[in-house]
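Listed here are the chains, written in short residue letters.
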Amino acid sequence: IILRGTLSALPAFSHENHGRQFYRFFLEVPRLSGTVDILPVVAEERVLNEMDLSGGEMLTVTGQVRTHNSRMDGVRRLLIFVYALEIEADS
């Protein structure tokens, strides 16, 4: 998947797996109609370290759509998110 949008907030720590740290953020992606979708994105720390995300510019996120089954308080939920393989600031 390729998304183009802006950060709604800076990435926050999500979890650690096999010694690698992952961060979660939401990307505001405008539709042609002007409606904005707010999509969850998870990225490994090394992907985020390759750029400065504090500028508020448009970002292009290239990655994969992934799912995760979560159970909270006995309720099962399917979480759908974008796993970012690459993030680039648009100039």
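Residues numbered from 1 in each chain as written. Predicted model: local features only at pLDDT ≥ 70, side-chain atom pairs only at ≥ 80, totals over all residues. Heavy atoms only, no water.

## Some points on the environment of Ala12
Moving on, step 1. Position of Ala12 relative to the elements: it lies in strand β2 (residues 12-17).
Moving on, step 2. The partly exposed category is assigned to Ala12, whose relative accessible area is 42%.
Moving on, step 3. Between the C-alpha atoms of Ala12 and Phe25, which are 13 residues apart in sequence, the distance is 6.5 Å.
Moving on, step 4. If near-sequence neighbours (up to four positions away) are discounted, Ala12 is found in contact with Phe22, Tyr23 and Arg24. (Helix = DSSP H or I, 4+ residues; strand = E, 2+ residues; numbered from the N terminus. Buried < 20%, exposed > 50% of the residue type's maximum accessible area, 1.4 Å probe, protein only. Contact = heavy atoms within 4.5 Å.)

## Concerning the confidence of the model for the protein
Moving on, step 1. With 99% of its residues at a pLDDT of at least 70, the protein reaches an overall mean of 92.
Moving on, step 2. Ranking the helices and strands of the protein by mean pLDDT puts strand β4 (residues 36-44) first, with 97, and helix α1 (residues 45-49) last, with 93. (pLDDT = per-residue confidence, 0-100.)

## A few points about the pattern of salt bridges
Moving on, step 1. Scanning the entire structure with this criterion turns up four salt bridges.
Moving on, step 2. One salt bridge connects Arg20 with Glu44, and the closest N-O pair in it is separated by 3.7 Å. Of this pair, Arg20 sits in strand β3 (residues 20-30) while Glu44 sits in strand β4, and the two are 24 residues apart along the sequence.
Moving on, step 3. Arg20 gets classed as partly exposed once you look at its relative accessible area, which sits at 40%.
Moving on, step 4. Of the charged contacts in the structure, one is a salt bridge between Arg46 and Glu44, with a shortest N-O distance of 3.6 Å.
Moving on, step 5. The network of salt bridges with common partners includes Arg20, Glu44 and Arg46. (Salt bridge = Lys/Arg side-chain N within 4 Å of Asp/Glu carboxyl O.)

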